[in-house]
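Each chain, written out:
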Amino acid sequence: MPLLGKWSHGLSGTRAAHALGSPAPGTSNPSPSPPAPAPDVSMRICGAPGCNSGWLKPWKSRRRPVFEHEWGCSARCLQVIVASAVRRELGDGAETQPDQPHRHRVPLGLVLLAQGWITHPQLQAALAAQRASGEGRIGDWLIRHTGLPEDRIARGLGVQWNCPVLALEGFSPRAMALVMPKRFVTEFGLVPIRVAGSTILYVAFQERMKAAAAFSLEHMSGLKVESGLLTTTLLDSARRRLLDAEAVPSHMRVVADCDELAGAVAKLLDQKQPVESRLVRMHQYYWLRMWMEEGAIPTTGSLPTSAQDVEDQVFMIE
Ligand SMILES: [Zn+2]
């Protein structure tokens, strides 16, 4: 939501009416009330629920920090706003929002068999080799045993998971390195590939992408996230190139619990005074992104255009 939309948020009720010079309720006025004047843009409303003091303050004297479009009139109110976001992210986690239920998926070997890309004896031999070694994915064993091209495995997985197989066309490591902390690329095997039409972010994964991770990335980027497969070779290459590019500066911190997390985020916002910031959970991590200057926030989506004026802080609860 644009900031302007928030300026008028909550401008109802007695206090707002007084503040804006409208007649207070109770001073009977049979004729319809005149429309409330537009809020003075020099005013900023505290976003903390239940804030009683200083709910309207001169915008100019303290307009930062902003957290998820909300502004807190004091350190205490800021912490109330942040704590509510922490609770939200805690409830959004993968544990409480299961991915696709464990539907019965056709085994990859059978998908490839049905496509006519391998024969039954080839599948039996690959399965036997996988069993004997006790490790490795069936796709890798098939490639090794039958010389099956890698893209056939990716296409087979695409059928199995009902998701697209992506290409690397349009991949800009420089732009994509700014999408999220590199930690998520190395740990979760997710590689952002490109933005299409300023609205869709394509993210590649090797085996699967958890719905909760896609949801978090959507909240952070303001883009619709579409995930798809890449062949192992292309994914490795994209990952390597992305990791070589400059990312948004990122710091890691371990906290004891949710209260400490909310306190640490609020304190950081107070120190850094970002013009916008957001918090999302990525599996076990809580990722705070802070935009330090207005110019750092693009108009469509919220992908940074450079590593400047944006900062990431990643938290983990012990
Ligand atoms: Zn307040």
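Note that the coordinates shown come from a computational prediction; the quantities given were computed from them, not determined experimentally.

Cut-offs used in this document
- Residues numbered from 1 in each chain as written.
- Predicted model: local features only at pLDDT ≥ 70, side-chain atom pairs only at ≥ 80, totals over all residues.
- Heavy atoms only, no water.
- Donors = N, O, S within 2.8 Å, 3.2 Å for Na, K, Ca; no water.
- Tetrahedral: all angles 85-135°; square planar, octahedral: opposite > 155°, others 65-115°.
- Pairing = 2+ DSSP bridges.
- Helix = DSSP H or I, 4+ residues; strand = E, 2+ residues; numbered from the N terminus.
- Axes fitted to C-alpha atoms, helices over the stretch in contact; angles between N-to-C directions.
- Buried < 20%, exposed > 50% of the residue type's maximum accessible area, 1.4 Å probe, protein only.
- Contact = heavy atoms within 4.5 Å.
- Polar contact = N/O pair within 3.5 Å; in protein donor to acceptor, adjacent residues only side chain to side chain.
- Parallel < 35°, antiparallel > 145°, perpendicular 65-115°, else oblique.
- Left-handed = near helix turned anticlockwise from the far one by under 90°.
- Phe/Tyr/Trp six-rings, centres within 6.5 Å; stacked < 30°, edge-to-face > 60°.
- Lys NZ or Arg CZ within 6 Å of the ring centre and 35° of its normal.

Peer 1: Got a sec to walk through the coordination of the zinc ion? Specific residues and values, please.
Peer 2: Taken together, the protein ligands of the zinc ion are C46 (SG), C51 (SG), C73 (SG) and C77 (SG), with distances of 2.2 to 2.3 Å. Given four donor atoms and angles of 100 to 117° at the metal, the environment of the zinc ion is assigned as tetrahedral. Of note, the donors binding the zinc ion are all from one chain and are spaced C-x4-C-x21-C-x3-C.

Peer 1: Mind laying out the sheet that holds strand β5 (residues 191–196), listing which residues take part and the relevant values?
Peer 2: Strand order in the open sheet made by the three strands is β5-β6-β7, with mixed pairing throughout. With partners counted over all chains shown, the strands left at the sheet margins are β5 and β7 (224–229), one partner each. On average, each strand axis in the sheet is tilted by 30° relative to the strand beside it, whichever way the strands run. Note that strand β6 (residues 200–205) and β7 share six bridges and pair parallel. In the strand pairing of β7, A204 is matched with G228.

Peer 1: Would you mind going over the environment of Q122 in detail, with residue names and values included?
Peer 2: With respect to the helices and strands, the residue Q122 is situated in helix α5 (residues 120–133). Of the residues examined, Q122 reaches a relative accessible area of 28% and is grouped as partly exposed. Sequence separation between Q122 and L142 is 20 residues; the distance between their C-alpha atoms is 7.6 Å. Residues in contact with Q122, not counting those within four places in the same chain, are L142 and T146.

Peer 1: Outline the side chain of R281, listing residues and values.
Peer 2: Residue position: R281 is located in strand β9 (residues 276–282). R281 gets classed as buried once you look at its relative accessible area, which sits at 13%. Reaching out from R281, the side chain makes a polar contact with the backbone oxygen of H283 at a distance of 2.9 Å.

Peer 1: Give me the lowdown on the packing of α5 against helix α6 (residues 138–146), citing residues and values where you can.
Peer 2: Direction vectors running N to C along α5 and α6 enclose 120°, while the axes themselves pass 9 Å from each other. By the angle class used here, α5 and α6 are oblique. Judged by the twist between their axes, the crossing of α5 over α6 is right-handed. Residues Q122, L123, A125, A126, L127, A129, Q130 and S133 of α5 lie in contact with α6, whose contacting residues are I138, W141, L142, H145 and T146.

Peer 1: Residue-level account of the packing of aromatic side chains, with values.
Peer 2: Overall, the coordinates contain four aromatic pairs when judged by the stated rule. For the pair F184 and W287, a centre-to-centre distance of 5.5 Å together with 75° between the ring planes defines the contact as edge-to-face. With a gap of 103 residues between them, F184 in helix α9 (residues 182–188) and W287 in strand β10 (residues 285–291) connect regions that are remote in the sequence. Exposure remark for F184: the relative accessible area of 0% places this residue in the buried category. One aromatic cluster is present, built from ring pairs that chain together F184, F188, Y285 and W287. Over the face of the ring belonging to W141 we find R144, whose NZ or CZ atom lies 4.3 Å from the ring centre.

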